Every structure is written in structure tokens, then in C-alpha cells.
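One-letter residues, chain by chain:
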Amino acid sequence: MTVTTDFLNQLNPSQRRAVEHFCGPLLVVAGAGSGKTRALTYRIANLILNNRVDPENILAVTFTNKAAREMKERVERLFAEQEALARHGKPLQALSEYEQIQLRSYVYKTFIKHLWIGTFHALCSRILRFDIEKYQSEAGHRWTKTFSIFDESDAQSLVKSIVVSKMNLDDRAFNPRSVRFAISNAKNQGYDAAEYEQANQTFKGRTIAEVYRYYQAGLAENNALDFDDLIRLPVQLFRQNSQVLNYWHRRFRHILVDEYQDTNRTQYDLLRLLTTNGQAGRFDDWENRSVFVVGDADQSIYSFRAADFTILMGFQNDFGDGLPDDDTRTLVKLEENYRSTSNILDVANYLIENNTERIDKILRATRGEGETIACYRADDEVAEAEYVVGQIRSLEFDHPELSWGDCAILYRANAQSRALEEVLTRYSIPYRVVGGLRFYDRREIKDVLAYLRLVANPADSVSLKRVINTPRRGIGKTTIDNLEKAAQELGVPLWEIISDETSAKTLAGRSGKAVVGFAKMVQSWQDKVDSATASEIVQDVLADTSYLETLQARGTEDDLERGQNIQELYNAVLQFEEENSEDASLLAFLANASLNSDLEDSKNEGNEVSLMTLHASKGLEFPVVFLVGLEQGLFPSNRSLDDAAAIEEERRLCYVGLTRAQDRLFISHARLRRLYGSDRTPAMPSIFLGELPPDYIQTNIATALPERWTKTQRQAKLSQTRQSSDRPGTHADDWTVGEPVSHPAFGEGKVTHIFGAGNKICLAIHFPGLGKKIIDPKVSTLERVSS
DNA sequence: GTGGAGGCTGTTTTT
DNA sequence: CAGCCTCCAC
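Along each chain, numbering runs from 1 in the same order as the chain's sequence is written. To read the labels, note that chains go from A and ligands from 1, taken in the order they are written. Under the rules for a predicted model, residues below a pLDDT of 70 receive no local features and side-chain atom pairs below 80 are neither given nor counted, while totals for whole chains, interfaces and linings still include all residues. Heavy atoms from the whole structure form the basis of all side-chain values; hydrogens and water molecules are not counted.

Looking at an unreviewed UniProt entry, chain A carries the name ATP-dependent DNA helicase, with the source organism given as Vasconcelosia minhoensis LEGE 07310. UniProt positions are given in the numbering used here, feature names are shortened, and annotations may be inferred rather than shown by experiment. As its UniProt record puts it under Sequence similarities (unreviewed entry), chain A is described as follows: "Belongs to the helicase family. UvrD subfamily."

Shown next, in the form of C-alpha cells:
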């Protein structure tokens, strides 16, 4: 392929600067719709085509599978287009179908196949399949490369069994759900049980630390990892084994990270280790090496999962040159929005200005004003749905160029989809619920997967217990208890007891025959796990267990659907084998099933209205967006109402929703809402509604949007806040680390860090009881507290 | 050991 | 309104 810079002409100057950056660190602050995926994909292409980087040396990390898939596709298309020009002197579309296929397969084999593009979890599970056997935890636990990946419900039931059976705790005070949550959080911040205990010296803290210890032992006994360990283990392994780290450090010379504001401590540690090879302090050996992160603090919506956007704020000090914005060479801001009309953008900008935790950033519109934003107050959730559907139908009529696929309905919680679905069905409008009840979370699918996990990893007692009596084969609770007790006493996995004919028969008594039969059946699958394909094993499992027949025999509508789902799973296995011919092993399939839980996505690209949560909408865009359910207690959610920082996160979520819209934006709320089977309860309009600029918004009734500003007044106010950078307290010299300050919403705290320099700064402030916050003194007024 | 009835609880977002 | 758990009758 010839060297070319033509494709770089499609970029604006900032994008181009980001894309052409070669070695060293770079932070790209990328507002909504500013072309960050474009920057990422073009950068990958540029590294390979112009800087002659071997695709094997590139690692691109995303946050969701969807994003990874999209990035892969876009890189592939970019290469194919370049290759078409180079080879045939014509654009890709001008080639015959045959030539296009040829080209694509060449591009795939030469470039795409060798790139590592995936989520943190997928990346780490790949690393662990190579190296996990070199790892031993502080507590002495080890894993083998056939490890299972426990999903959230597996993890929770393990916690539960520890809380209830092992430690005899009151499961009201130590609710397994919240204990699991505490452990997960600890892990994501990089704490092991001892460190967690150190930081939480209360009865509760010590007890949770104890559960944490048992829980880790339990995972190890099952030869299993939870989602958090998938990332934590590589970090620990890298710290204890410099050879392993060195291998991966040399392998990944150019690292790209999408949605950097969503990384948590452990993920950051991983990136840092990979980049610096474990070197502490300032890192400066950037020869043939780069770390390129892209993010937007205003779109940080995953702090409930321990994401920490102060990591993004700290990049310049961590890796970069730490110079002020105007002088730095390690920061690029993408501030031009190509997606939305200026009306939509203004409304979004106006809303997000209500947050105090921000960095100064302007998002400039490049498109015209467009339509005004519609806000509708409905009587109840059904009327709201009818309004949405009515609008879709009239758009259909007035704008034939629009189709159903151009419309998205966004909501805060999955449960809200029901009313919408009912009305959409009533009017025969095709729709698709994105990521609702996940395919791999269905009971029948989990059953089959549990069989497969047991085949791959006999130590997985959680899976074993799940399937030993599904379908019913007369092995009851008492029997399992007996077998389990024996396993515990001998310190071996449950499977060892069950698969030993003599022990099984003795211990299981009346059910002995059934247990032995079950064990022999599983054994027969295990015997061919290395020679047979994944799909063959699935076939065997289904045939030998008569799973489908059992469903058929019951024959309810649900059972029929379950049967179809299993059929679907089988298809998924076949498809997986086709797409991953290099490694189509059972293990690879299982990892894929655990980590890539959004199965339906790829095929249903038809012309349908999309329904999804706001979280699921991040990174997407639609010509027409409906944002529904703007009510206090729903959005912002009940749990955030008394927590300033949580409200800010909800506001960012709202900002994400608004900025998904390209041309038309509809907002709605209901006066009465029925949720969780209760009676219809009155609902107040969301505070966010009051924070939108009324003159941009058309309402169906004179709603209580407070204070009417004219557009000019608004703009004056906006630029006033922006120009306030000369105010006292906005310059780096105004502050010193360690000094006590007071914030209007968070109260008193201590400055722990100053980001940036000159008058473009952010302060990290620790507020007792609230934790660390990043504050921009230009946005919120800080006062010095005299001590 | 099975299966159903009935009671209780918890409901935000996801890899 | 689920989904889960417990309890009870077979």
C-alpha cells in the first residue's frame, strides 16, 4: 500500500493534530458529536499507513462492545477505501461487488485481524488466557486457563452463601447485594481485602472484609473470576512478574483509550503499567510508543461503577507535559459539534452549565438553528407514550425522508419501556428494545451455558449445582447438601465427589443412580472437549439432557419461546465458529458469551424505532430523539435526590440524552406515573426541565418552567460565565495545596491537587464524607476558609 | 424429592 | 409487577 495523506484532508485542524500525533502522550478532550470516533479510527489508520506501525503493536480499548465493533468496522472501511484508491484508482463504491469482497478480505487479513480492539474486559480475558497460570494471589489462590467468568448473579449468590451459611450473618444488615457492591467497589479501586479493612475500621467494614476474603477463596475454588477480577488480576500479575509485564509492554506500543472519563482506578493502573512497564514517577521513554486517550468529563455517567473522571483530569500531570492549555503539546480539544442543530446544542450547553464539577469547555455548533425543542406534559405514562407515537406518525407524514430507524426513545430506567412498547404495538410501528432483558440472562440460556461451563471447567461448582437437577432428574437439596459437605471436608471441588462413582453412590443414597448417571453424561462431554467443536458439544448437551423435549412436554407459550431461544443460542455458536475460525474453542465461545452479552445487535439493523436507556445511548446519534419521563424521582432518580454529586451525574446523563439528537428533540413528562405495579402516583416535573432555556422550547401547556429569559439575555449570561476567568480565585497562583476552602454545595474541604496552570485550572478538593471532587473555580465560587 | 400456593421484597444505569 | 423464598401437601 502506498503512503498517502489524502484521507487526512477530511479532518478539521484539531482532529488532524490529534490524528497525526505520533509518539508520546496525548489527551483529547472531545465534546459530544465532535468526531472522536473519527479521530480514533483515523489515528489507527495513520499509525499503520504513514508511521509504519505494525498492527500487532496497536491496542485500542473501548468501554462497550458496541463501540469496539463500530471502531473495527470503521477502521476496516477506511482501509478498504484507501486500498481501493491505491489499487484501482477508484472509490470503493465504484468497484464491483466481487472486487469489494476481495479488498475487504485482504484488508481484514493484513490489518484488522492483528489489531487488538476491544473492551477492557475482553482485552484482559485474552491476556489471562495466556498468563493466568503464572499468577498467585497474596492469599495463595491460583487459577487455570479454563477459568469461568462469573456474571453478576453468580457473584451475588456466592456472596449470599457466604453471608448466610458460612458466616451466619443477618442478611438484612449484610444484604448480599450491597455487600457484593462494596466488594466490587473495593476491587475497582484496587483494594484487596486487607486494604479494604484498613480503610474501613468499623464492625461493618471488618465484616465485609471478611466476606471479601471468603469470596475470593470461593472464586478460586470454582476456578472462576468476576468481572472486576478480570482486570484486577492482570494488574497484580504485572506487578509481581516483570517478565510477563515486559512482554505485554513491548507488544502494545501504541495504546488508544476511548471514553477515558469512564476508567476506574484498576483500569488506570493497567494502562499505566502497560505504558510505563512499571516504572514509577515521570515516564519519558516515548520512543516508538504512545498513549492516546479520548474523553469528555461532561459525559461521565458511570461513577456508580467506580468510574473516576479525576483520572482524565489528571492525565496532563500523569503522562503529559503538565503545561497550561495554550502551551501544552499533549492536549487537543475537539470543540466543534457536527451532530446537532444549534438549538439542540444551546439547550444542552445551558443545562450542563448547572454543574459545578466541570472543566471549561465550549461546544460550538457548526449547523444551523433547526427546529425548536418540544416539551410535552402528559397525564400519565400511557398518554406520554401516545404522544410519542403520535409525533412519530406525524413525522412520517410530514417528512417522508425520515423513517422509523431515525427515531430513538430514551429513558432513565428499563422498566419504562413497557408502556411505550404497548402503544407502539397498538399502532403497528416496528421497534427494537436495545439491551433490555439480555439474551444471555435468560434462564434457559444460562442453563445451557452452565452445562458448557461445567464441561470446560469442572471446578465450577456454581454451574454444577445449577444444572445437576435441571431438567429434573431426582437429585434434591438434601443430596446436594450431603455431597457438598463431603467436598468441603475433603477440600476438593464438588465435581470430584460426584464423578467418583463409589463416593457418589454412598453419599447420595437413594439418588445415587441419578448422580452417577449425571456424572457419566458430563464426563462423556468432557472427554471430547479438545477434539470436538463448541457446536458439537452443544448438540450433545441438548440431546443427552433432553432439555428441549422437557420444554416441549410442558408446552406452555413461555416454554415454546425458551425452546426458540435455545435454538438461537445454537445459531450463535455456529456464527461464532464461522467468525472466529482461529480460536473457536468452547472456552473462547464462553468468554465471548459472558463479555458480549448484547447478542441481537448485529442482525436487527432494520428500519425500527430504537428504545433504550440513556446509558445505552451513549455514543449513538439519531435524527429524532424523544427523551421521556422527566420527573423528580425517576429522572433524576430517587437515590440521587439528596446527593449533590449524584444529581450532577444525573444531569450529565440528561446532557448525554439531549446531545444524541441531530435534528429534532422531544422531551416529555407525566403528571401521574404507575411504576412497579403500584397505583398511579403523582410526579413532579424534573428539576432539569426548569433548567432548560424556555425560549427554546415549545410546550403543550404553560408548564412551570421558571424564569423566562430571552435568547439575548441567555447568551449574555452564558458569555458572562465564560468570561469570568479573570475573577479572583480563578488563577492557579490563588490556591495552594492543603488549604481549606468552602464550596456552596459541598461545604468545607481541602485542596489536594491543582490541575492545569495559569487561569485554566481545576482544583481537586477533598470534602469530608463526600470524597474528592473536581471543581472549576470559574464555574463555582470557592471561598477561602481562614483557619 | 417434587411442585404449587402464597408471601415478601425490591426495583437505575452495565462490563 | 416480577422474582425469590418458604412452607406445605403429595
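Picking up where we left off.
Trainee: If you had to explain the overall build of chain A to someone new, which residues and values would you point to?
Mentor: What chain A contains, in helices and strands, is 31 helices and 23 strands. Taking 787 residues into account, the globule formula puts the C-alpha radius of gyration at 28 Å, and chain A, at 28 Å, falls close to it. Its C-alpha atoms give chain A principal-axis dimensions of about 85 × 70 × 65 Å. Expressed as a percentage of the 787 residues in chain A, the buried residues total 54%. Contact definition: two residues touch when any of their heavy atoms are within 4.5 Å. A fraction of 73% describes how many contacts in chain A between residues 6 or more apart in sequence connect residues 24 or more apart. Think of it this way: any DSSP run of H or I at least four residues long counts as a helix, any run of E at least two long counts as a strand, and we number them from the N terminus. In this treatment the radius of gyration is a C-alpha quantity, and the globule benchmark scales as 2.2 Å times the residue count to the 0.38 power. Buried, partly exposed and exposed residues are distinguished by accessible area as a fraction of the type maximum, computed with a 1.4 Å probe on protein chains only: under 20%, between the cut-offs, and over 50%, respectively.

Trainee: Account for the packing of aromatic side chains, naming residues and giving values.
Mentor: Centres within 6.5 Å make a pair out of two Phe, Tyr or Trp rings, where for Trp the six-membered ring is used; the pair is then stacked when the planes are under 30 degrees apart, edge-to-face when over 60, and tilted otherwise. Per the stated rule, a full pass over the model turns up 23 aromatic pairs. Relative to Phe319, the ring of Trp286 lies with its centre 6.4 Å away and its plane at 65°, an arrangement referred to as edge-to-face. Placement of Trp286 in the loop between α12 (265-276) and β7 (290-295) and of Phe319 in the loop between α14 (315-318) and β8 (331-334) is noted, with a sequence separation of 33 residues between them. We classify Phe319 as buried; its relative accessible area is 4%. The interplanar angle of 0° and the centroid separation of 4.0 Å between the aromatic rings of Tyr376 and Tyr387 together place this pair among those described as stacked. In this pair, Tyr376 sits in strand β11 (residues 373-380) while Tyr387 sits in helix α16 (residues 381-398), placing the two residues eleven residues apart along the sequence. The class for Tyr387 is buried, based on a relative accessible area of 12%. Grouped by ring-pair contacts, the aromatic residues Tyr260, Tyr268, Phe283, Trp286, Phe315 and Phe319 constitute a single cluster.

Trainee: Could you give an account of the environment of Gly33, naming the residues involved and the relevant values?
Mentor: Residue position: Gly33 is located in the loop between β1 (24-30) and α2 (36-49). The class of Gly33 is buried, set by a relative accessible area of 15%. Separated by 627 residues in the primary sequence, Gly33 and Arg660 place their C-alpha atoms 8.2 Å from one another. Those residues in contact with Gly33 that lie beyond four places of it in its chain are Glu336, Asn337, Tyr338 and Arg339.

Trainee: Lay out α12 with the relevant residues and their values.
Mentor: Helix length check: α12 (twelve residues) gives 16 Å between terminal C-alpha atoms against 16 Å at 1.5 Å per residue, within 8%. Turning to α12, its buried residues number three or more, namely Thr266, Gln267, Tyr268, Asp269, Leu270, Leu271, Arg272, Leu273, Leu274, Thr275 and Thr276. In the analysis that follows, any N or O atom pair within 3.5 Å is treated as a polar contact, provided that within protein one partner can donate a hydrogen and the other can accept it, and provided that, for residues neighboring in sequence, both atoms belong to side chains. Here α12 starts with a cap whose side-chain oxygen sits 3.1 Å from the backbone nitrogen of Thr266, and that cap is Asn264. In the segment just after α12, Asn277 is the residue with positive phi, at about 60°. Multiplying 1.5 Å by the helix residue count minus one yields the expected span of that helix.

Trainee: Explain the protein's contact with DNA strand B to me, and be specific about the residues and the numbers.
Mentor: We call a residue near a molecule or strand when any one of its heavy atoms sits within 4 Å of it. Contacts to DNA strand B come from 28 residues, most closely from Arg305, Arg412, Arg472, Thr478 and Thr479. Near the protein, within 4 Å, the atoms of DNA strand B are sugar or phosphate in 61% of cases. In this structure, a phosphate oxygen belonging to DNA strand B sits 2.7 Å away from a side-chain N or O atom of Arg177. Side-chain polar atom of Thr478 to a phosphate oxygen of DNA strand B: 2.2 Å apart, as the coordinates give it. Grouping the amino acids of the surface near DNA strand B by side-chain chemistry returns seven nonpolar, 13 polar and eight charged. When residue character is reported, Ala, Val, Leu, Ile, Met, Phe, Trp, Tyr, Cys and Pro are called nonpolar, Asp, Glu, Lys and Arg charged, and the others, Gly included, polar.

Trainee: So what's going on with the packing of helix α20 (residues 477-490) against helix α22 (residues 501-508)? Residues and values would help.
Mentor: Throughout, an axis means a line fitted to C-alpha atoms (over the contacting stretch in the case of helices), and angles, computed between N-to-C directions, take values from 0 to 180 degrees. Interhelical geometry of α20 versus α22 gives an angle of 130° and a closest axis separation of 9 Å. Considering the angle they form, α20 stands oblique to α22. When you trace α20 past α22, the crossing you get is right-handed. Mapping the contact onto sequence places Thr479, Asn482, Leu483 and Ala486 in α20 and Ala504, Leu507 and Ala508 in α22. Split by residue class, the contact of α20 with α22 holds five nonpolar, two polar and no charged. Under this scheme an angle from 65 to 115 degrees is roughly perpendicular, one under 35 degrees roughly parallel, and one over 145 degrees roughly antiparallel; angles in between are oblique. Left-handed describes a crossing in which the near helix is turned anticlockwise from the far one by less than a right angle; the clockwise case is right-handed.

Trainee: Residues and numbers for helix α11 (residues 242-251), please.
Mentor: Those residues of α11 not exposed but buried are Val244, Leu245, Trp248, His249 and Arg251. Looking straight down α11, one finds that the buried residues subtend no more than 165° of arc, so they occupy a single side. In this structure, α11 carries Ser242, Gln243 and Arg250 as exposed residues pointing more than 90 degrees from its buried face. Buried-residue contacts for α11 involve β3 (116-119), α5 (120-131), α10 (227-240) and α12. Two or three places before Gln243, at the start of α11, stands the capping residue Asn241, its side-chain oxygen 3.1 Å from that residue's backbone nitrogen. The arc refers to the directions leading from the helix axis to the C-beta atoms.

Trainee: An account of the UniProt feature "domain: UvrD-like helicase ATP-binding" (unreviewed entry) in chain A is requested, with residue identities and associated values reported.
Mentor: With numbering aligned to this structure, UniProt lists the feature "domain: UvrD-like helicase ATP-binding" (unreviewed entry) at residues 9-341. Taken end to end, residues 9-341 has its terminal C-alpha atoms 24 Å apart, with 51% of it in helix and 11% in strand.

Trainee: Explain the side chain of Thr119 to me, using residue names and the numbers behind them.
Mentor: As for its placement among the helices and strands, Thr119 is situated in strand β3. Overall, the relative accessible area of 5% leaves Thr119 in the buried class. Sequence-distant contacts of Thr119, that is, excluding residues within four places in its chain, are made with Val61, Thr62, Phe63, Thr64 and Asn65.

Trainee: Which residues make up the sheet that holds β1, and what are the values?
Mentor: Sheet strands pair by backbone hydrogen bonding; their relative direction is either parallel or antiparallel. The rule for pairing is simple: two strands pair if DSSP sees at least two bridges between them. Spatially, the six strands line up as an open sheet ordered β3-β2-β6-β7-β1-β8, and their pairing is parallel. Here the strands that pair on one side only, and so sit at the sheet edges, are β3 and β8. Taken pair by pair, the neighbouring strands of this sheet meet at an average axis angle of 15°, ignoring direction. The sheet contact formed by β1 and β8 spans four bridges and is parallel. Looking at the pairing, Val29 lines up with Lys333 of β8. Its contacts with the sheet put α5 on β2 (58-62), β3 and β6 (254-257), and the angle it makes with β3 is roughly 115°.

Trainee: How would you summarise the state of the cysteines if you had to cite specific residues and measurements?
Mentor: In this description, a disulfide is simply a cysteine sulfur pair whose atoms lie within 2.5 Å. Tallying each qualifying case throughout the model produces zero disulfides. Cys407 forms no disulfide, and the closest cysteine sulfur to it belongs to Cys375, at a distance of 18 Å.

Trainee: Describe the packing of α2 against helix α3 (residues 65-88), listing the residues and the values that go with them.
Mentor: In a packed pair of helices, the relevant descriptors are the angle between the two axes and the axis-to-axis distance. Running from N to C, α2 and α3 point in directions that differ by 50°, and their axes come no closer than 9 Å. As judged from the angle between their axes, α2 and α3 are oblique. As for the relative orientation of α2 and α3, their crossing is right-handed in sense. Taken together, the residues of α3 that come into contact with α2 (itself represented by Thr37, Arg38, Leu40, Thr41, Tyr42, Ile44, Ala45, Ile48 and Leu49) are Glu70, Met71, Arg74, Val75, Leu78, Phe79 and Gln82. Partitioned by chemical class, the residues of the contact of α2 with α3 number ten nonpolar, three polar and three charged.

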